[in-house]
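Structure at a glance
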Amino acid sequence: MAAMRTLTAAGLFLAFCALGLIAVAISTDNWYETDARRHRERCKNYSNKRNDPGYIYISNNNLPLRMSPKATSAERRSGEVLLRAKRHFLPPAAAMESLCSRQFNSTVTGLWKKCHRGGFDLEIEDLIFKGLVPRCTPIKYYYSSSALPRNLPINLTKTIRQDEWHALHLQRMTASFVGMAISIILFGWIIGVLGCCKQHDLMQYVAGLLFLMGGTCCIISLCTCVAGINFELSRYPRYIFGIPEDISHGYGWSMFCAWGGLGLTLLAGFLCTLAPSLYPPHTPAVHKPRQENGCV
């Protein structure tokens, strides 16, 4: 009896801690972080180098190692070699200009908004202080065609639109399943507390099953979140959605809070479902017939 109460109390305590971790993960915005300080510094140095009066640009196409392969007369007439050379033998200077033409900022992203990281860029901090740039922008859970790039080929626009729908579907799954997870865990915790107060082993067993169900929803939410981030990093065309190699990015502490809450939820479900099995079985009392006088 004491072991059953100990397991139930431990399971409810772990479930309460899991609720706290998942609630912190939902309410904070450090699920995914980027640090673009090194990239911005590199672009500033490149811009200062190009503005230097003593800087002379030498095209790398004149170097032997950067020469495009020889072409036949038919390829020269069709212009295929020129397009292939532009695609595969892009000079480093031109590639650097294309990367620096896009503005990358150090940001943190959560389920509800995307914010600039404080103290990472003095120029952005000054614009935020003046009210010209908002600190955070809300994440849209609805489709908007205004976010699509303009002046692109029709086939490429269709591909980008399909990718936008797929990324939006993953975002919706992440938010909906994590909401379901915290609701189911909270409901199971209430049932477990009532079962522990009334010493009802069936309610404790149901609470453990609800904890396991909430953990399953949390697993689905975190897996779709990771899949959505990987999908955004692998989107095409790369010159629009790609991230330069000198920008560091990774998961933040909010994501680790969610994974920690998942582990505690599964452990709480295991303890609460195990506790009723330690309850002593009810053995009905057998009443022996009373012997009367003169009966053997």
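From a predicted model like this one, the values you see are computed outputs, not experimental measurements. Within any chain, residue numbers begin from 1 and follow the written order of that chain's sequence. Local features in a predicted model are, by the rule used here, given only for residues with pLDDT of at least 70; side-chain atom pairs are given and counted only at 80 or more, and totals for whole chains, interfaces and linings are based on all residues. Calculated side-chain values reflect all of the structure's heavy atoms, with hydrogen atoms and water omitted.

1. Remarks on the overall build of the protein
Within the protein, the regular secondary structure consists of 10 helices and 5 strands. Per-residue accessibility, obtained with a 1.4 Å probe over protein chains only, is compared with the maximum for each type, and a residue is labelled buried under 20%, exposed over 50%, and partly exposed between these values. When each of the 296 residues of the protein is scored for burial, the buried share is 34%. Taking contacts inside the protein between residues at least 6 apart in sequence as the whole, the part at least 24 apart equals 78%. Here the accessible surface of atoms and residues is derived via Shrake-Rupley with a 1.4 Å probe, and residues count as covered only by protein chains that are part of the display. Carbon and sulfur atoms form 63% of the exposed surface of the protein, whose accessible area is close to 18900 Å². Under the scheme used here, helices are H or I runs from DSSP no shorter than 4 residues and strands are E runs no shorter than 2 residues, and both carry numbers assigned from the N terminus. Any two residues having at least one pair of non-hydrogen atoms within 4.5 Å are treated as being in contact.

2. Some points on the nonpolar core
The criterion is simple. A nonpolar core is a set of buried Ala, Val, Leu, Ile, Met, Phe, Trp, Tyr and Cys residues joined through side-chain atoms within 4.5 Å. Counting residues in each nonpolar core, the largest one holds 33 residues, and the members touching the most others are Ile 22, Trp 31, Phe 211, Cys 218 and Leu 222. Within the residue set of this core, elements represented by two or more residues are helix H1 (2-27), helix H7 (154-198), helix H8 (201-233) and helix H10 (253-274). With 9 residues, H1 is the largest single contributor of residues to this core. What Leu 222 contacts, discounting residues up to four positions off in sequence, is Trp 31, Met 255, Ala 258, Trp 259 and Leu 262.

3. Topic: the sheet that holds strand E3 (residues 113-116)
Pairing between strands is defined by DSSP: at least two bridges between the two strands are required. Read across the sheet, 5 strands follow the order E4-E3-E2-E1-E5 without closing on themselves; strand pairing throughout is antiparallel. The open sheet has two edge strands, strand E4 (136-138) and strand E5 (248-251), and neither has a second partner. Taking each pair of neighbouring strands and ignoring which way they run, the sheet shows an average axis angle of 15°. Interaxial angles span 0 to 180 degrees and are taken between N-to-C directions of axes, which are lines fitted to C-alpha atoms, for helices over the stretch in contact.

4. Focus: the packing of H8 against H10
Relative to each other, H8 and H10 sit at 155°, their axes nearing to 8 Å. Taken together, the axis directions place H8 and H10 in an arrangement best described as roughly antiparallel. Where H8 crosses over H10, the handedness of that crossing is left-handed. Split into classes, the residues belonging to the contact of H8 with H10 amount to 17 nonpolar, 7 polar and no charged. Working definition: roughly parallel below 35 degrees, roughly antiparallel above 145 degrees, roughly perpendicular at 65 to 115 degrees, and oblique for all remaining angles. Should the near helix be turned anticlockwise from the far one by less than a right angle, the crossing is left-handed, and should it be turned clockwise, the crossing is right-handed. Basically, the charged four are Asp, Glu, Lys and Arg, the nonpolar ten are Ala, Val, Leu, Ile, Met, Phe, Trp, Tyr, Cys and Pro, and anything else, Gly included, counts as polar.

5. Regarding the pattern of salt bridges
Each salt bridge in this description consists of a side-chain nitrogen of Lys or Arg and a carboxyl oxygen of Asp or Glu lying within 4 Å of one another. On inspection of all chains with the given rule, the structure shows 7 salt bridges. Of the charged contacts, one joins Lys 130 and Asp 126 as a salt bridge, the two residues approaching to 3.3 Å between their closest N and O atoms. A residue pair is termed a helical-turn pair when its members lie 3 or 4 positions apart in one helix, as Lys 130 and Asp 126 do in helix H6 (residues 122-130) at 4 residues. What makes Lys 130 exposed here is its relative accessible area of 55%. Asp 126 gets classed as partly exposed once you look at its relative accessible area, which sits at 36%.

6. Regarding the environment of Trp 189
Within the element layout of this structure, Trp 189 appears in helix H7. Accessibility expressed as a relative area gives 24% for Trp 189, which makes it partly exposed. Here a polar contact is taken to be a pair of N or O atoms separated by no more than 3.5 Å, where protein atoms must pair a possible hydrogen donor with a possible acceptor and residues adjacent in sequence count only if both atoms sit in side chains. Side-chain polar atoms of Trp 189 contact the backbone oxygen of Leu 12, separated by 3.1 Å.

7. Some points on the state of the cysteines
By disulfide we mean two sulfur atoms from cysteines, separated by a distance within 2.5 Å. Tallied over the entire structure, the rule returns 1 disulfide. The partner cysteine of Cys 115 in its disulfide is Cys 136, sulfur to sulfur 1.9 Å. Between Cys 115 and Cys 136, the S-S torsion sits near 110°, and that sign places the bridge as right-handed. Of this pair, Cys 115 sits in strand E3 while Cys 136 sits in strand E4, and the two are 21 residues apart along the sequence. Classification of Cys 136 as partly exposed rests on a relative accessible area of 28%. Cysteine Cys 196 shares no disulfide, and the gap to the nearest cysteine sulfur, in Cys 197, comes to 5.9 Å. The exposure class of Cys 196 is partly exposed, given its relative accessible area of 31%.

8. Remarks on the side chain of Arg 117
As for its position among the elements, Arg 117 is in the loop between E3 and H6. At 3.3 Å, the side chain of Arg 117 forms a polar contact with the backbone oxygen of Thr 34. When near neighbours in sequence (up to four residues on either side) are disregarded, Arg 117 contacts Glu 33, Thr 34, Asp 35, Ser 106, Thr 107, Val 108, Glu 125 and Arg 135.

9. A word on a nonpolar patch on the surface
Together, Leu 202, Tyr 205, Val 206, Leu 209, Leu 212, Ile 219 and Leu 266 give the surface a local cluster of nonpolar side chains, amounting to about 520 Å² of exposed area. Among the elements that make up the nonpolar patch, the one with the highest residue count is H8 (6 residues). Looking at the secondary structure, you find Leu 202 in helix H8. Put simply, a patch holds well-exposed residues, over 30% relative accessible area, that have no salt bridge, with like charges counted together within 9 Å and Val, Leu, Ile, Met, Phe, Trp or Tyr side chains within 5 Å.

10. Here's the deal with the packing of aromatic side chains
Aromatic rings from Phe, Tyr and Trp, taking only the six-membered ring of Trp, are treated as a pair when their centres fall within 6.5 Å; an angle between ring planes under 30 degrees marks them as stacked, one over 60 as edge-to-face, and anything in between as tilted. Taken as a whole and judged by the stated rule, the model has 3 aromatic pairs. Ring geometry for Phe 16 versus Trp 189: centroids 5.7 Å apart, planes at 40°, classification tilted. Here the residue Phe 16 occupies a position in helix H1, and Trp 189 occupies one in helix H7, the gap between them amounting to 173 residues. Measuring from centroid to centroid gives 6.4 Å for Tyr 32 and Tyr 251, while their planes differ by 65°, and the two rings are edge-to-face. On the criterion of sequence distance, the pair formed by Tyr 32 in strand E1 (residues 32-35) and Tyr 251 in strand E5 is long-range, its members being 219 residues apart. Residue Tyr 251 is classed as partly exposed on the basis of its relative accessible area of 35%.

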